[in-house]
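Below, each chain spelled out in residue letters.
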Amino acid sequence: MNRRQFVSGLGAAGFVMIQPVRVRASAPMAPVAIAKCKSYGDEFLAATAKMFDQLGGLGRIVKGKTVTIKINLTGVETARQDYLPQSRTIWTHPRTVGSVIHLLDRAGARRIRVVEGAWMWPASLEEFMLKAGWDPSLLLGAAPRVELVNTNLPYKGKKPYSRFTVPHGGHLFPAYDLSTAYAESDVLVSMNKIKEHGTAGVTLSIKNLFGITPTTIYGNKVPKDEPAPIPYAGRTDIGHMGSRQPPTSSPSEKDPTSPRQAGYRIPRIVADLAAAAPVSLAILDGIETVAGAELPRPGTTEAISPGVLVVGTNAVNTDAVAMAVMGLDPMADRGKAPFETCDNTLRLAEELGVGTRDLGQIEVVGESIKDVVFKFREHGGPRQWRPPGGRRNA
Amino acid sequence: MQFENVVPLRWPSGPLEIARREKGEGFNSQIRQTLERWHDPAMLEFLKDTAIDCIVISWAAGLAADAEQQRTAAPLIEAARQRNLAVVGWVDGTADHNAAIAAAKAAGLTAVAIRGMHGSSDFPAITWSDRADVAWDSTAPVVAIGGNVWPGVSLASGGADASAGPTGVPWLDSNGWYIQMARARLKAPLWVVFDPPAGPAVPSPQSYVKAICDSEAAGGRWVISLDDNLRSGLAAGNTAAWKDIASAAAFFKDHPDWKSYRSLGLVGVISNFAGSDFDLTGEILNLMARRDLLFRVIWKSQAMAQAMPQPFTGLKALIYADAAMPEQPLRRKITDFVEQGGLLITGPAWGKAGTPAPPDFQTQFDVLAVGKGRLAVARNAIDDPYQLAGETQLLLSHRNDLVKIYNSPSSGCTRYTASPDGKTALLQCLSYADGRRAGLRTIWVRDRHPSTRLWTIEAPPVTLDAHTSEDYAGVEYHLPANATQAYLALEFERQRREA
């Protein structure tokens, strides 16, 4: 049984219920590995290989499987933190992706797909990478059978989208229509940086899943009754603000009277996705990143070098440990850092049975949290929170 | 008088300008007073030690006030002459051209600028027209073209949130694409004519700087035209706002050679640029400029000329979107370009001979392999320039990008050119944002050059170090924090000069 089957099984009994069942007590736990790592390249390769071994080996998860790596290329490709390339501040680093592809191949993965909802019309992911200043051959050449898929576009073939039902009925939507590339995936890997987030408090392995919703369905300006043929805009209307519903061809919100606040909605959408499309391997890069927000914001964000990696096979467990590494409390609720203006995504995912955020229940292997903790809140300028229903306050 | 590097300033003043303005909306005593004050030779004092070496005064409009205007302008003309300023008389409306020229001669003007002047004259006569009526083959000392926009992020399209399309690229108003098109054809210097936007909003000094840079980077010269408020302030002795404008004008006057540089863009756009073909192809140029898809304008007549046997050298793609297919000699040249490895993007009338080679994105084109190159033929008549500009960029691929600019909001209309001898390249970057905060800027270029200098309007040039790009090919230049937001230029020495 893989994680998807496992979580889907959990969800079957509770699907008909309108309100999510609080299943935190039975939320799964898997070990989380921590390693110090100061650089990309060989040091990263060696560190992650060791961490995978500490978690029981990569082969047991990926051998003979189609592995999908969800990377993170959020924001405008021309916005940088100072002079630094995005790969050192806000995006997944391409050399880490190349290294993981290499390790996945060595562990027997049958097919490896690198995916992202690339913010570009209407190009392939490869073309987006070229525009963004990446060399896609680094990834395509890291192993045989590597593919790049832009999941913001309709998936090629007769079935562009597949429906992913949220176990326990979901918080905001009962199900999501995602690229069929995700349905063809046996193992979903989430690879991104450890960062704070202006709307969701933190952005870690499950927040990375917000980008799997295709903007042809969940983006602004999509048609009323069917997906758009190409992406038109971001997800603000349907995602952040709830000012409209997806096309009628996709499931609508469970409760259209629920708060129209990004701090309420985004954590719930992310938790839903974490349950509907569970991450089997979460790889969080804290080698270099930014403090203050998820994207470069002059006066707020600061480039930092925590020099740490956090890897796990349960995304909520991994994110909880990563929060602790950031000097933040994964048990914090709305009103407390880093969730000053939003709900705790980890709690919401935990309620859907994805995994526990209780550090007391999570086994940490490799380095201990206290030896690598890097307090994000001690860096960067004043945080800019997105107030309910409005723009940022700065 | 050589007009090659003259810096003109529109000088509305006197009875004719008052007669013209007083029937219009918003005319008031302050404007009248300003127009009167500007007729006073003493007003020329603020031009002292500036690059402005030409004033363009109101001369004739077919109104009763013409004669009074010409009579009372004599002291202003004389004072200008003593300051070595050229004086051009602006002639429009129903004015009698011959009479205006005769009066100009008698008054000692340097030249006249006559709207609709298509013939020749024994007195320097600048031809002036709107875009639709340009005398492309004019032998006039200067061709002035009106009908332009005030450069900036478009307010008409929704202000700061305005976007040009699905990807949210800011909607930039720029004349750069048109100026490039016109410069590719004209032999004479090009004066670009437009006024500050009417209305209560007063343009900032920086928006004037943008207006100058937008024209200059593309190879034109704006006939600087000030708003009532600014002219009123200057009449009252307030020159603070003028200094930035004067600095920008001086900067470009000091770099006349840059206007002779040729585009390094990889996409050639071929057209006759007339009628409905201009409507479509002009907008394609406009939208390509906004997304920094660097292009080279190729007039069909020039591509067919014997003097240009290889008009497509250095290009990777051609766009031919005119309704009528090219005559056989040009079609042959284009076909040769494709067979030798180029890409042609064109309409359905071209025909679809070749082997299907579909790209990996949804497109309005059938793409065919022809020889070593590709032919992209639209399935239906090309009528969406936005889509064509976007798909051209993808068909060409960002693999061929020459330049990327980071942390420069509302940038666009970048120009990348090379000197005629090929030894120097010039990258001119513009930002149309007004007061938006951005981080430190980086410019990436694909080619590594032996040395690079950063030019800004307000500071002497500085040498920039090249940093090897970490994730990709090419090199990056980190701009100092205080580098101008609106405009900067990187000058690359392409080959080491011998000592």
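Scroll up a little and you will see the structure.
Residues numbered from 1 in each chain as written. Chains lettered and ligands numbered in written order. Predicted model: local features only at pLDDT ≥ 70, side-chain atom pairs only at ≥ 80, totals over all residues. Heavy atoms only, no water.

### Re the interface of chain A and chain B
- Counting residues at the interface gives 37 residues for chain A, matched by 35 residues for chain B.
- Around 2900 Å² of area is buried between chain A and chain B when both sides are counted, 52% of it from carbon and sulfur atoms.
- For the interface between chain A and chain B, the tally reads 3 salt bridges.
- Salt-bridge contacts for Glu470(B) lead to Arg88(A); the nearest nitrogen and oxygen are separated by 2.7 Å.
- Summed over the shared surface of chain A and chain B, the result is 15 residue pairs in polar contact (both at pLDDT 80 or more).
- Looking at which element gives the most residues to the side of chain A that touches chain B, the answer is helix α5 (residues 125-132) of chain A, with 5 residues.
- For the side of chain A that touches chain B, the per-class residue count stands at 19 nonpolar, 7 polar and 11 charged. (Contact = heavy atoms within 4.5 Å. Buried area = accessible area lost by both parts, 1.4 Å probe. Salt bridge = Lys/Arg side-chain N within 4 Å of Asp/Glu carboxyl O. Polar contact = N/O pair within 3.5 Å; in protein donor to acceptor, adjacent residues only side chain to side chain. Helix = DSSP H or I, 4+ residues; strand = E, 2+ residues; numbered from the N terminus. Nonpolar A, V, L, I, M, F, W, Y, C, P; charged D, E, K, R; others polar.)

### A word on unusual backbone geometry
All names here are of chain A.
- That bond from Ala 337 to Pro 338 is cis: its omega, 0°, falls within 30 degrees of zero.
- Position of Pro 338 relative to the elements: it lies in the loop between α11 (315-325) and α12 (345-351).
- For Asp 82, which is not a glycine, the phi torsion comes out positive at approximately 55°.
- Relative to the elements of secondary structure, Asp 82 occurs in the loop between β2 (66-70) and α4 (94-106).
- In the Ramachandran plot, His 168 falls in the positive-phi region, its phi being about 65° despite a non-glycine side chain.
- By secondary structure assignment, the location of His 168 is in the loop between β5 (161-165) and β6 (175-179).
- The class of His 168 is buried, set by a relative accessible area of 5%. (Buried < 20%, exposed > 50% of the residue type's maximum accessible area, 1.4 Å probe, protein only.)

### Considering the packing of aromatic side chains
- The final tally for this structure, using the stated rule, is 32 aromatic pairs over all chains.
- On the basis of an interplanar angle of 70° and a centroid distance of 5.7 Å, the ring pair of Phe312(B) and Phe337(B) is categorised as edge-to-face. Pair noted here: Phe312(B) is in the loop between α11 (300-304) and β14 (317-320) and Phe337(B) is in helix α12 (residues 328-339), with a separation of 25 residues, a long-range link. Of the two residues examined, Phe312(B) and Phe337(B), each falls in the buried class.
- Members of the aromatic cluster, joined through ring pairs, are Phe251(B), Phe252(B), Trp258(B), Trp455(B) and Tyr487(B).
- Its guanidinium or amino end placed over the ring of Phe210(A), Arg235(A) lies 5.6 Å from that ring's centre, counting from NZ or CZ.
- Its guanidinium or amino end placed over the ring of Trp444(B), Lys404(B) lies 5.2 Å from that ring's centre, counting from NZ or CZ. (Phe/Tyr/Trp six-rings, centres within 6.5 Å; stacked < 30°, edge-to-face > 60°. Lys NZ or Arg CZ within 6 Å of the ring centre and 35° of its normal.)

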